[in-house]
Amino acid sequence: MIEIHGLVKKFGDFAALGPLGLSFGNERILTVIGASGCGKSTLLRLLAGLETPTRGQITLDGERIDGPHRRISVAFQEPRLMPWLSVAANVELAIWDWPAEARRAAVEAVLRKVSLTAFAQALPKQLSGGMAQRVGLARALVGNPRLLLLDEPFSALDPLTRVRMQDHLLEIVGDDGPNVLLITHDIEEAIVLSDRIVVLDGPPARVRRDLRIDLPRPRGRASAAFQEIKELLLADLLPDRIDAAHTVAA
Amino acid sequence: MSELLLNLVRPLGVPWPARGLAARAQAIVRPLIFPALILLVWQGAGSFRLVDPVLLPTPTRVLGALYEMLVSGFLNPHLAISFQRVLLGFAGGVAVAVLVGALTGYSRFWRSIIDPTLHALRTIPGLAWIPMFILWLGIDESSKVVLIAKAAFFPTYLNFMSGIARADRKLIEVGEVYRLRGARLVTRVLLPYSLPFLFVGLRQSMGVAWLVVVAAELMGASSGIGYVLLDGEMTGRAQIVMACMIVFALCGKTTDFILARLAHRVLRWQDTADRE
């Protein structure tokens, strides 16, 4: 279980987050959505150990997180590959402290998983955007993390590649993969992928809605249930728009 | 028409299709036209006694003197000792620069302690150090090598330090997420990131090392190209002085070419337009 208790983050006088409490672990993919600047990324950075909380704490299976943790990994919005390293060496970076033989086997296996075996020796400059993002994902997965943090990982991709990557993520995570915390702006992406969606308000970031998604997979975007959830989330994220629509209707 | 279309859709960074032999020959010949013209005017001015050939010997006389010094074997030991001084000074200077640059680039604390003093020392003219180095180290090899090392230190230090200090925060964060800290973060992320900066510094340091070797060889030397140059001046043989200048230019250009090729090889991962 990942548990967040009374988490507060301030940058000087600016309160970016909290107090916030959240606990998850039973669902495979939890998505956090919210307007730009509401504090979503601050939450992700706190979970990744890249920021220190001003108050409160995060625990992973009872162990307090106070910095980068070997069982928590991150795939960022941009692939963030080291341009001087090959694809295989970039992935290997995440498990640099493993024995050499185990490293090689793990890299091979994860590159097979993301269908990039043929590009193991390629340099990042030789990859397309989607391929580079898959390398970023492979690097995040190679160490068998308990919690995988995804910070809008598909936002820079074209719509077709994005849909393909979403399917790919569901395949990779499967039933025995890590718990995933996904940050996104894309409401449809959130509904397609998630078992639970948390809507944040802010700053400072606070939970506005906590919604379990029980739709069967694969999830058709045209279904009435899908559209209903979408409208509900849109109303949370764009309250002015709904008010305006109601005013016109009245 | 098809070639025009091909050119229009050519992705950035992909070389143009191979040009004809004539075009390539033109690219080689064009930069040589201006120096050839200068040499021609210079030769003419000397041959027709428009200038005093004692003060400005003709190119043929200079090249003749150079050829003579090379063929007789006179120049070889001087060339060897100059190379030795430059390479030793360069190696010493850049080795210290890389260590100190890594420290001050990585740590704000050490930068605030060390960097201001180094900048103050940098502003002292190189020639002002000569008496001190002679006093401290005598007039033998060590004072010359240290003078070159001191000059070679700064370009590499400044470039490498700023490369490390300005490293991409996003890549550093990746390192941090995967628990890379201290020396591991430096060697696996910061050092490779700042290699392009380091090579700029190394090429500048090598250039400075060749500039300073002349000053170093004026410090009571009895060997080296700088000594031969000084001897040419003392004995009123301008053709020797100019031949030594050509030797310095060739040595500097050769070492710079080697470093440039090395940089090209090491930095193959860079996603640049590669216009060099």
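The residue count restarts for each chain, going from 1 along the sequence in the order it is written. Each chain takes a letter, starting from A, and each ligand takes a number, starting from 1, following the order in which they are written. Under the rules for a predicted model, residues below a pLDDT of 70 receive no local features and side-chain atom pairs below 80 are neither given nor counted, while totals for whole chains, interfaces and linings still include all residues. Based on all heavy atoms of the structure, the side-chain values leave hydrogens and waters out of the count.

1. So, the overall build of chain A
Logical step 1: Secondary structure elements are defined from DSSP: runs of H or I of at least 4 residues count as helices, runs of E of at least 2 residues count as strands, and each element is numbered from the N terminus. When helices and strands are counted, chain A shows eight helices and ten strands.
Logical step 2: For chain A, whose C-alpha radius of gyration is 19 Å, the value lies close to the compact-globule estimate of 18 Å for 250 residues.
Logical step 3: Projected onto its principal axes, the C-alpha coordinates of chain A cover approximately 65 × 40 × 30 Å.
Logical step 4: Remark: exposure states derive from per-residue accessible area (1.4 Å probe, protein chains only) relative to the maximum for the residue type, with buried under 20%, exposed over 50%, and partly exposed in between. Relative to its 250 residues, chain A shows a buried fraction of 53%.
Logical step 5: When checking whether two residues touch, look at their non-hydrogen atoms; a contact exists if any pair is within 4.5 Å. Considering only contacts in chain A between residues 6 or more positions apart, those separated by 24 or more positions represent 68%.
Logical step 6: The Shrake-Rupley method, run with a 1.4 Å probe sphere, supplies the accessible areas, and residue values consider only the shown protein chains as cover. Of the roughly 11,200 Å² of accessible surface on chain A, a fraction of 52% belongs to carbon and sulfur atoms.
Logical step 7: In this charge count, Lys and Arg are treated as positive and Asp and Glu as negative; neither His nor the chain ends contribute. We put the charge of a Lys on NZ, of an Arg on CZ, of an Asp on CG and of a Glu on CD. Within chain A, the 31 negative side-chain charges are centred at a point lying 3 Å from the centre of the 30 positive side-chain charges. In this setup the radius of gyration rests on C-alpha atoms only. A globule is expected at 2.2 Å times the number of residues raised to 0.38.

2. Overview of the layout of surface pockets
All names here are of chain B.
Logical step 1: As a volume, the second largest pocket reaches approximately 370 Å³.
Logical step 2: As defined here, a cavity is a set of points on a 1 Å grid over the protein atoms alone where a 1.4 Å probe fits but cannot get out. A pocket is an open set with protein on both sides within 12 Å along at least five of seven lines, and residues line them when an atom is within 4 Å of a point. Every residue lining the second largest pocket is counted, 16 residues in all, and those nearest its centre are Tyr106, Arg108, Ala165, Ile172 and Glu176.
Logical step 3: Among the elements of the structure, helix H4 (75-106), helix H5 (108-122), helix H7 (141-165), helix H8 (169-177) and helix H9 (182-193) are those that each provide at least two residues to the lining of the second largest pocket.
Logical step 4: The greatest single-element share of the lining of the second largest pocket, amounting to four residues, is contributed by H8.
Logical step 5: In the scheme used here, Gly and all other residues not listed as nonpolar or charged are polar, with Ala, Val, Leu, Ile, Met, Phe, Trp, Tyr, Cys and Pro taken as nonpolar and Asp, Glu, Lys and Arg as charged. Among the residues making up the lining of the second largest pocket, the classes are represented as eight nonpolar, one polar and seven charged. Grid points are joined across faces, edges and corners, and a volume is the space filled by probe spheres set on the points.

3. Digging into the packing of helix H10 (residues 195-217) of chain B against helix H12 (residues 238-266) of chain B
Residues and elements named next belong to chain B.
Logical step 1: Working convention: axes come from line fits to C-alpha atoms, limited for helices to the stretch in contact. Angles between N-to-C directions cover 0 to 180 degrees. Packing of H10 against H12 leaves a shortest axis separation of 10 Å and a crossing angle of 165°. Taken together, the axes of H10 and H12 are roughly antiparallel relative to one another. For the crossing formed where H10 meets H12, the hand is right-handed. Of the residues in H12, those in contact with Leu195, Phe199, Leu202, Arg203, Met206, Trp210, Val213, Val214 and Glu217 of H10 are Phe248, Cys251, Gly252, Thr255, Asp256, Leu259, Ala260, Leu262, Ala263 and Val266.
Logical step 2: Taken together, the residues of the contact of H10 with H12 sort by class into 14 nonpolar, two polar and three charged. Put simply, angles under 35 degrees are roughly parallel, angles over 145 are roughly antiparallel, angles from 65 to 115 are roughly perpendicular, and the rest are oblique. In a left-handed crossing the near helix is turned counterclockwise from the far helix by less than a right angle, and in a right-handed crossing that turn is clockwise.

4. Quick word on the interface of chain A and chain B
Logical step 1: At the junction of the two partners, chain A supplies 22 residues and chain B supplies 20 residues.
Logical step 2: By the criterion of area lost to chain B, the three top residues of chain A are Trp84(A), Trp96(A) and Lys125(A), representing 34% of everything that side buries.
Logical step 3: Only one rule defines a salt bridge in this text: a Lys or Arg side-chain nitrogen within 4 Å of an Asp or Glu carboxyl oxygen. Seen at the junction of chain A and chain B, the total is four salt bridges.
Logical step 4: Its salt-bridge partner being Lys170(B), residue Glu78(A) comes within 3.5 Å of it at the nearest N-O pair.
Logical step 5: Within 3.5 Å is the distance limit for a polar contact, defined as a pair of N or O atoms, with the added protein rule that one can donate a hydrogen and the other accept it, and that residues adjacent in sequence qualify only through two side-chain atoms. At the boundary of chain A and chain B, one finds seven residue pairs in polar contact (both at pLDDT 80 or more).
Logical step 6: For the side of chain A that touches chain B, the secondary-structure elements that each account for two or more residues are strand S6 (72-75) and helix H4 (129-141) of chain A. Using a 1.4 Å probe, buried area is obtained as the accessible area two parts lose upon being combined, added over both of them.

5. Considering unusual backbone geometry
Logical step 1: Each neighbour pair has its own omega, and for Arg217(A) with Pro218(A) the value is -10°, a cis peptide bond.
Logical step 2: For Pro218(A), the position within the fold is in the loop between strand S10 (206-212) and helix H7 (224-237).
Logical step 3: With a phi angle near 50°, Arg80(A) is a residue other than glycine that sits in the positive phi range.
Logical step 4: Checked against the element boundaries, Arg80(A) lands in the loop between S6 and helix H2 (87-92).
Logical step 5: Residues other than glycine seldom take positive phi values, yet Arg179(B) does so here, at roughly 65°.
Logical step 6: Secondary-structure assignment places Arg179(B) in the loop between H8 and H9.
Logical step 7: The exposure class of Arg179(B) is buried, given its relative accessible area of 14%.

6. A short note on the packing of aromatic side chains
All names here are of chain B.
Logical step 1: A pair of Phe, Tyr and Trp rings is counted when the ring centres sit within 6.5 Å of each other, with Trp represented by its six-membered ring. The angle between the planes then sorts it: under 30 degrees is stacked, over 60 is edge-to-face, the rest tilted. With the rule as written, the count across this model stands at eight aromatic pairs over all chains.
Logical step 2: Taken together, a centroid distance of 5.0 Å and an interplanar angle of 85° make the contact between Phe83 and Trp210 edge-to-face. One end of the pair, Phe83, is in helix H4; the other, Trp210, is in helix H10, and 127 residues separate them in sequence.
Logical step 3: With a centroid separation of 6.1 Å and 65° between ring planes, the pair formed by Phe133 and Trp136 is classed as edge-to-face.

7. Details of the sheet that holds strand S5 (residues 63-64) of chain A
Residues and elements named next belong to chain A.
Logical step 1: Criterion used throughout: strands pair if DSSP finds at least two bridges between them. Ordered by their spatial adjacency, four strands build an open sheet running S2-S1-S4-S5, and the pairing between neighbours is antiparallel. The outermost strands of the open sheet, each flanked by one partner alone, are strand S2 (14-24) and S5.
Logical step 2: Where strand S1 (residues 2-11) and S2 come together, seven bridges link them in antiparallel fashion. When the sheet's bridge partners are listed, Glu3 is paired in S2 with Ser23.
Logical step 3: Sheet strands in contact with helix H1 (residues 40-48) are S1, S2 and strand S4 (55-60), and its direction is about 115° off that of S1.

8. Points about the pattern of salt bridges
Logical step 1: Scanning the model with the defined rule gives 28 salt bridges over all chains in all.
Logical step 2: Arg70(A) is the salt-bridge partner of Asp97(A), the closest N and O atoms lying 3.2 Å from each other. With Asp97(A) in the loop between H2 and helix H3 (100-113) and Arg70(A) in the loop between S5 and S6, this residue pair connects regions lying 27 residues apart in the sequence.
Logical step 3: Here Arg208(A) makes a salt bridge to Asp236(A), at a shortest N to O gap of 3.3 Å. A residue pair is termed long-range when its members are at least 10 positions apart, and Arg208(A) in strand S10 and Asp236(A) in helix H7 qualify at 28 residues.
Logical step 4: In this structure Asp236(A) comes out as buried when scored by relative accessible area, which is 8%.
Logical step 5: Ionic contacts of the salt-bridge type, sharing partners, join the residues Lys9(A), Arg45(A), Glu51(A), Glu78(A), Arg80(A), Arg169(B), Lys170(B) and Glu173(B) into one network.

9. Describing the nonpolar core
Logical step 1: Grouped together as the largest cluster of nonpolar side chains are 140 residues, with contacts concentrated most on Leu43(A), Leu111(A), Leu149(A), Leu181(A) and Leu233(A).
Logical step 2: The element contributing the most residues to this core is H10(B), with eleven residues.
Logical step 3: Not counting residues up to four positions away in its chain, the partners in contact with Leu149(A) are Leu44(A), Leu47(A), Ala48(A), Ile72(A), Ser73(A), Val74(A), Ala75(A) and Leu181(A).
Logical step 4: Counting residues in each nonpolar core, the second largest holds seven residues, with Ala97(B), Val100(B), Leu118(B) and Met161(B) among its members. Put simply, buried Ala, Val, Leu, Ile, Met, Phe, Trp, Tyr and Cys residues joined by side-chain atoms within 4.5 Å make one nonpolar core.

10. Overview of a nonpolar patch on the surface
All names here are of chain B.
Logical step 1: A patch consists of residues whose relative accessible area exceeds 30% and which take part in no salt bridge; residues with like charges are grouped when within 9 Å of each other, and nonpolar side chains (Val, Leu, Ile, Met, Phe, Trp, Tyr) when within 5 Å. Taken together, the side chains of Ile28, Val29, Leu32, Ile33, Phe34, Leu37, Ile38 and Leu40 define a hydrophobic patch exposed on the protein surface, amounting to about 840 Å² of accessible area.
Logical step 2: Turning to its location among the elements, Phe34 is positioned in helix H2 (residues 21-47).
Logical step 3: Residue classification places Phe34 among the exposed positions, given a relative accessible area of 59%.

11. Some words on the state of the cysteines
Simply put, disulfide is the name for a covalent bond between the sulfur atoms of two cysteines.
Residue and element names in this part refer to chain B.
Logical step 1: Any two cysteine sulfur atoms lying within 2.5 Å of each other are counted as a disulfide. For the structure on display, the rule yields zero disulfides over all chains.
Logical step 2: With no disulfide of its own, Cys244 lies 10 Å from the sulfur of Cys251, the closest cysteine sulfur.
Logical step 3: With relative accessibility at 1%, the residue Cys244 sits in the buried group.

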